[in-house]
Amino acid sequence: MSRAADDYEGLTTAFLGGSSSGGASSSNPSRGRPASRAQEMPGVLVVANVPTLAGIWIAQYADQLARSVGAVALVRLDGAASRAEIYRAQGRAMPLDGSAWLERASAFARAWIVCVDSRCSSAELVQCGCALTLMSGTDETAIAAARRLIESIVQAASTLGVATPPIGLVFVGSPHEAAQSATDALIAWASERSYGLQLALTAHAPRVDRVESTGAVPLGMLSALDLSAATEFVAMAMSGSQSRFASAPVAPAPVAPAPAPAPAALPQPSSSIVPEFFAHFVALPFNCPDAPLVHLARDDAGALHLIQSGNAANTLRVASAWARANWALIVAACPRLRANPPHIIEHLLLDDARDGALLHRTGVLLHARIEVTVGSSIVRQRIDLNDSTSAGL
């Protein structure tokens, strides 16, 4: 149970955005993120060449960190197989549903790691704005691979016109002396090439020891997200936890009485396409803080509909991931939504029907916006381009 007093406005401000002093997030979740944000971000672990199976050493690293800082949440990005687990949870039981798992983990996890392999784009690693850690073995082949990865990160940062982020090094499967020697060699190599890069040995695992894990839980909501969107999604869970599970209640900012129909914590979108093109839905008086151009609505069956004008499907998926992560709070704000399981339907309203040619069977309902002349008036209408079957729902 939370130790903080119940504060509906504070909860909704933390999760649904608004005029509180918490700061606004970027409306584009995948490009141009600044390296520093007010929001705490997870660390990103990049796994390069390691001895035997990588999963063994990833677990060793997470468990080793948990022994020193407390429970560690590890999120492994692997497309449809993305999953998460807690190390050193001290006997806490974890739910099997991904959204519920994130909410529960955010109550007590002391550190969060998002794990990717070395095939992840270097540009994504630079743009995600997270602390980077590189895991590698110390043999000659592994060090050569580590150099190539570091070099590609430096080049990506130069291309993007940003500073190269510092990189922590984790060496596994060898004595400490070998790990320190490999670190010194990489530092000397980077210095010779004038990379201006900070490298440091942050952890070392010489052998495989017993680990304490809750077991992996699938996180399907991350399967369609790139690294930047996934880390921002995880960061929302982390920052939400700080409001929901604070050791002392956080008083909401005073709000002057106003005749506005929605509370300050649930800001109404500046404009809505729902009444004009989706009159059979009921528009919701708030939106996703990381995708403010995505409109939210519900239907009579209790499904949540996310509607994006244009063909920016990535922004739509960010809003969907946000909604799944915060489903319990959204249902509390809109009791007519079906609570369990979440039913979320995505829509794209296109200005040109031809833009939908490559979007069929991607799990999105597609619509075209057209103008029809009726007498002396111009009427704007919606034409449906697919249905739930052809959309691949």
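Here the structure is shown first, and the text comes after it.
These notes cover the structure that comes with them.

## Some details on the overall build of the protein chain
1) Next: Regarding its fold elements, the protein chain presents 10 helices and 14 strands.
2) Next: Here the protein chain holds 393 residues, and 47% of them are scored as buried.
3) Next: Considering only contacts in the protein chain between residues 6 or more positions apart, those separated by 24 or more positions represent 68%.
4) Next: With an accessible surface of roughly 18800 Å², the protein chain has 53% of that area assigned to carbon and sulfur atoms.

## Let's talk about the sheet that holds strand 13 (residues 365-374)
1) Next: In space, the six strands of this open sheet follow the order 9-10-11-12-13-14, with mixed pairing throughout. The two strands at the open ends of the sheet, each matched to only one other strand, are strand 9 (282-283) and strand 14 (377-384).
2) Next: For strand 12 (residues 344-350) and strand 13, the ladder comprises four bridges, and the chain directions are parallel. Note on strand 13: the bridge partner recorded for leucine 348 is leucine 366.
3) Next: Across the sheet, helix 9 (residues 313-325) lies against strand 10 (294-298), strand 11 (304-309) and strand 12, angled at about 160 degrees from strand 12, the strand it touches most.

## A look at the pattern of salt bridges
1) Next: Taken as a whole and assessed by the stated rule, the structure comprises 13 salt bridges.
2) Next: One salt bridge in this structure joins arginine 88 and glutamate 212, with 3.4 Å as the shortest N-O distance. Separated by 124 residues along the polypeptide, arginine 88 in the loop between strand 3 (83-87) and helix 3 (98-105) and glutamate 212 in the loop between strand 7 (199-205) and strand 8 (217-218) bring together distant segments of the chain.
3) Next: Through salt bridges with shared partners, a single network forms among Asp63, Arg67, Arg88 and Glu212.

Reading guide: rules and limits
Residues numbered from 1 in each chain as written. Predicted model: local features only at pLDDT ≥ 70, side-chain atom pairs only at ≥ 80, totals over all residues. Heavy atoms only, no water. Helix = DSSP H or I, 4+ residues; strand = E, 2+ residues; numbered from the N terminus. Buried < 20%, exposed > 50% of the residue type's maximum accessible area, 1.4 Å probe, protein only. Contact = heavy atoms within 4.5 Å. Areas by Shrake-Rupley, 256 points an atom, 1.4 Å probe, with all protein chains shown as cover. Pairing = 2+ DSSP bridges. Axes fitted to C-alpha atoms, helices over the stretch in contact; angles between N-to-C directions. Salt bridge = Lys/Arg side-chain N within 4 Å of Asp/Glu carboxyl O.

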